[in-house]
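# Summary of the model geometry
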Amino acid sequence: MARRRKGRQIDGILLLDKPYEMSSNHALQACKRIYFANKAGHTGALDPLATGMLPICFGEGTKFSQFLLDTDKTYIVTAKLGVRTTTSDADGDVVSEKPVNVSDEQLADALESFRGDTKQVPSMYSALKHKGQPLYKYAREGITIEREPRDITVFQLDLLRFEDDEVDMQIHVSKGTYIRTIVDDLGELLGCGAHVSMLRRTKVGPYPVEKMVTIEQLETLLNEAKEQGKAPSELLDPLLLPMDTALFELSEINVDEEAANYLKHGNPVMVPGATSETDMIKLTVGEERRFIGVGHINNDGMVAPKRLVVDHSND
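First, a word on what this report is: a plain description of the structure on this page. (Residues numbered from 1 in each chain as written. Predicted model: local features only at pLDDT ≥ 70, side-chain atom pairs only at ≥ 80, totals over all residues. Heavy atoms only, no water.)

## Structural notes on the packing of helix α1 (residues 24-35) against helix α6 (residues 215-227)
Running from N to C, α1 and α6 cross one another at 15°; their axes reach a closest spacing of 10 Å. Taken together, α1 and α6 sit at an angle that is classed as roughly parallel. Read as a crossing pair, α1 and α6 show a hand that is left-handed. The residues of α6 that touch α1, namely those facing Ala27, Ala30, Cys31, Arg33, Ile34 and Tyr35, are Ile215, Leu218, Glu219 and Leu222. In the contact of α1 with α6, the residues fall into eight nonpolar, no polar and two charged. (Axes fitted to C-alpha atoms, helices over the stretch in contact; angles between N-to-C directions. Helix = DSSP H or I, 4+ residues; strand = E, 2+ residues; numbered from the N terminus. Parallel < 35°, antiparallel > 145°, perpendicular 65-115°, else oblique. Left-handed = near helix turned anticlockwise from the far one by under 90°. Contact = heavy atoms within 4.5 Å. Nonpolar A, V, L, I, M, F, W, Y, C, P; charged D, E, K, R; others polar.)

## Here we look at the pattern of salt bridges
Counted under the stated rule, the structure contains 19 salt bridges. What emerges from the salt-bridge pattern is a single network uniting Arg161, Glu163, Glu166 and Asp168. (Salt bridge = Lys/Arg side-chain N within 4 Å of Asp/Glu carboxyl O.)

## Observations regarding helix α5 (residues 179-190)
With 12 residues, α5 should reach 16 Å at 1.5 Å per residue; the first-to-last C-alpha distance of 17 Å fits that figure. Ile179, Arg180, Thr181, Ile182, Val183, Asp184, Leu186, Gly187 and Leu190 are the residues of α5 that are buried. Residue glycine 191 follows α5 closely and has a positive phi angle near 80°. (Expected span 1.5 Å × (residues − 1). Buried < 20%, exposed > 50% of the residue type's maximum accessible area, 1.4 Å probe, protein only.)

## Let's talk about the sheet that holds strand β13 (residues 251-255)
In a beta sheet, neighbouring strands pair by backbone hydrogen bonds and run either parallel or antiparallel. Spatial strand order, β13-β14-β15-β16: four strands in an open sheet with mixed pairing. Bordering the open sheet on either side are β13 and β16 (303-308), each of which pairs with just one other strand. Averaged over all pairs of adjacent strands, the angle between their axes in this sheet comes to 45°, without regard to strand direction. Bridge count between strand β15 (residues 290-297) and β16: five bridges; the pairing is antiparallel. Its bridge partner lying in β16, glycine 295 is registered against proline 305. (Pairing = 2+ DSSP bridges.)

Right under this line is the structure:
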């Protein structure tokens, strides 16, 4: 006998404005509870001290969360000069304190060194794994693991404010870039040390900031639905973005219903003019461009399924 699914099947992406001092997992569980969703996952954790855009994928949308993990992101950060910490943020223990004697010109020169393509050694307090354990667990035990420098790109770094010992910046970076490491490296370059005192993620890929919602807003809608005798889904579900919005970087191939049926059964199909220079392509069906998943062009030049959406309408 099949186990009964707990929660409802709902597919889509919610742009959550994660609150301060809440872990990404707790934020995820709160959204899952509010939506009474049977399946949900987030796309790239934010530290408890960080706020801002945390895309939450529901249902079949979780299959495509990796695409958002791999996309570029934009942050606003405040660097506190003069104090270096173990975690490179305000949560860590103080490692050193030094006077701040930094000129505008020195800061401008230092910031310039971070722009463009560079290499970065990930923080020991990151979630990167070594032998199955995240690095921060080793760090808490006083163990340092050798980390390989990683290629990153800082597409844009704008100085917003430099006042006394605080530096506000807006930074647009490639995947896998640690803002706390940039701030720590900046402090060392300036000779005074620095740590992150405020961090807010304002953008993930092309997702619009104005679509972000808070947990408080979701709770309010949930209560309004109960008071009005409505199903919560009536007020909550319109906030969700289509799950294929995570695939904005992929080229699209549109097929007819017959070809879609072959794909759904794991068979490749020939699509005239189908070419792709990327590893994956977005698959849609018919004039309404109904999204059915992602595929790739195989060695025979045929469109083959890779990760498809399961139709739960008959569940």
